[in-house]
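Examination of the molecular architecture
Below are the chains, spelled out letter by letter.
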Amino acid sequence: MANIEYQERFTSHPSDVKSYDTEELREHFLIKNLFEKDKITLIYSHYDRFISGGAVPIDEVLELATIEPLKAQNFCDRREVGILNIGNQGIVTVGEDKYRLGHKEALYIGMGAKNIHLSSEDPGNPAMFYINSAPAHQGFPIKKIASTDTITLDLGTSEKANERRIVQYIVEATVQTCQLQMGITELKKGSIWNTMPPHTHNRRMEVYLYIDLPQDEAICHFMGEPQQTRHVWMGNHQAVISPPWSIHAAAGTSNYSFVWGMAGENLDFSDMDMVKANQLR
Ligand SMILES: O=C(O)C(=O)C[C@H](O)C(=O)CO
Ligand SMILES: [Zn+2]
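Residues numbered from 1 in each chain as written. Chains lettered and ligands numbered in written order. Predicted model: local features only at pLDDT ≥ 70, side-chain atom pairs only at ≥ 80, totals over all residues.

The name an unreviewed UniProt entry assigns to the chain is 4-deoxy-L-threo-5-hexosulose-uronate ketol-isomerase, from the organism Zobellia galactanivorans. Looking at the chain in UniProt, the text filed under Pathway (unreviewed entry) is "Glycan metabolism; pectin degradation; 2-dehydro-3-deoxy-D-gluconate from pectin: step 4/5." Quoted verbatim from the Catalytic activity (unreviewed entry) field of UniProt, the annotation for the chain is "5-dehydro-4-deoxy-D-glucuronate = 3-deoxy-D-glycero-2,5-hexodiulosonate". (UniProt positions renumbered as here; feature names shortened; annotations may be inferred.)

Dropping the structure here:
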């Protein structure tokens, strides 16, 4: 059954963002309520035409059907998709093929795939599928990425409260994609800063979905041009759109994790323009 809601988000010029107040900043960049029972919720950003979404199948099998802005018969007619399960055991069916995704396992689905359905193995303990998608020009094979298939990078130190593990799920070295990259960054206990020192990558936009944040805690996400930053207070399971010209970093009131996804000009994860912390304004 197709039970999909979508919203479009248009792009903002950095000099316009300078004058956004709290509400306007949140309206354009913050993504709330992605994970609703028996629904697929999609946000179509005009930055690199990147779609981020959530699906929580409980009593229904949910179909990742096309949405009107795609003007396509099937969701993947001109798109590739990454699905990362942040909930309990779930099943993604593509055509006749079934892929079981456990907690923090991912699936890449290439252009041309049809009949994508999402379900939970146990409705009492549902899967929570986080979906990222970008335009594609070539169909690459479907691939499941378990945690043993990922590439990990350990960054930061406890002294700087930014000790974290970057877990790369969908990157050039693990899966062939046109432009999509996805992964999870997990902060160690006692560390609160992600992506600090920060960076921009004018060649790619990025979306962060914050997860594993204890109840009553909060994330202060920093965005904007490095010399003109703004902050957005966020909660667990909320996402934020990072324009290519914006830094994307945060401090939490506890440790937490986040799923990052990006698309754009290249597939070079390390292509970042670093900014020194003492240069931020
Ligand atoms: O903690 C970090 O640093 C990150 O996770 C960085 C993201 O992966 C990123 O922004 C990639 O461009
Ligand atoms: Zn980045």
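Still more ground to cover, so stick around.
Time to look at the domain arrangement of the chain. As assigned here, the chain comprises domain 1 (4-12 + 33-147) and domain 2 (148-279). Every contact between the two is made by 28 residues of domain 1 and, on the other side, 27 residues of domain 2. Among the elements of the structure, β6 (79-85), β9 (106-109), β11 (129-135) and β12 (143-145) are those that each provide at least two residues to the side of domain 1 that touches domain 2. Classifying every residue of the side of domain 1 that touches domain 2 gives 14 nonpolar, nine polar and five charged. (Domains from an automatic or database assignment. Contact = placed C-beta atoms within 7 Å. Helix = DSSP H or I, 4+ residues; strand = E, 2+ residues; numbered from the N terminus. Nonpolar A, V, L, I, M, F, W, Y, C, P; charged D, E, K, R; others polar.)

As annotated by UniProt and renumbered to match this structure, "binding site: Zn(2+)" (unreviewed entry) occupies His199, His201, Glu206 and His248. With the annotated positions falling across 50 residues, the maximum pairwise C-alpha distance of 11.5 Å places them together in a single cluster. Its place among the elements puts His201 in the loop between β17 (199-200) and β18 (204-211). Judged by C-beta crowding, with 22 C-beta atoms within 10 Å, His201 ranks as buried. In contact with His201, not counting residues within four places along its chain, are Pro244, Asp271, Met272 and Asp273. Counting through the fold element by element, His248 comes out in the loop between β21 (239-242) and β22 (249-252). The class for His248 is buried, based on 25 C-beta atoms found within 10 Å. Each residue touching His248, except ones within four places of it in the same chain, is listed here: Thr195, Pro198, Glu206, Tyr208, Met223 and Ser242. (Buried ≥ 20, exposed ≤ 12 C-beta atoms within 10 Å, placed from the backbone.)

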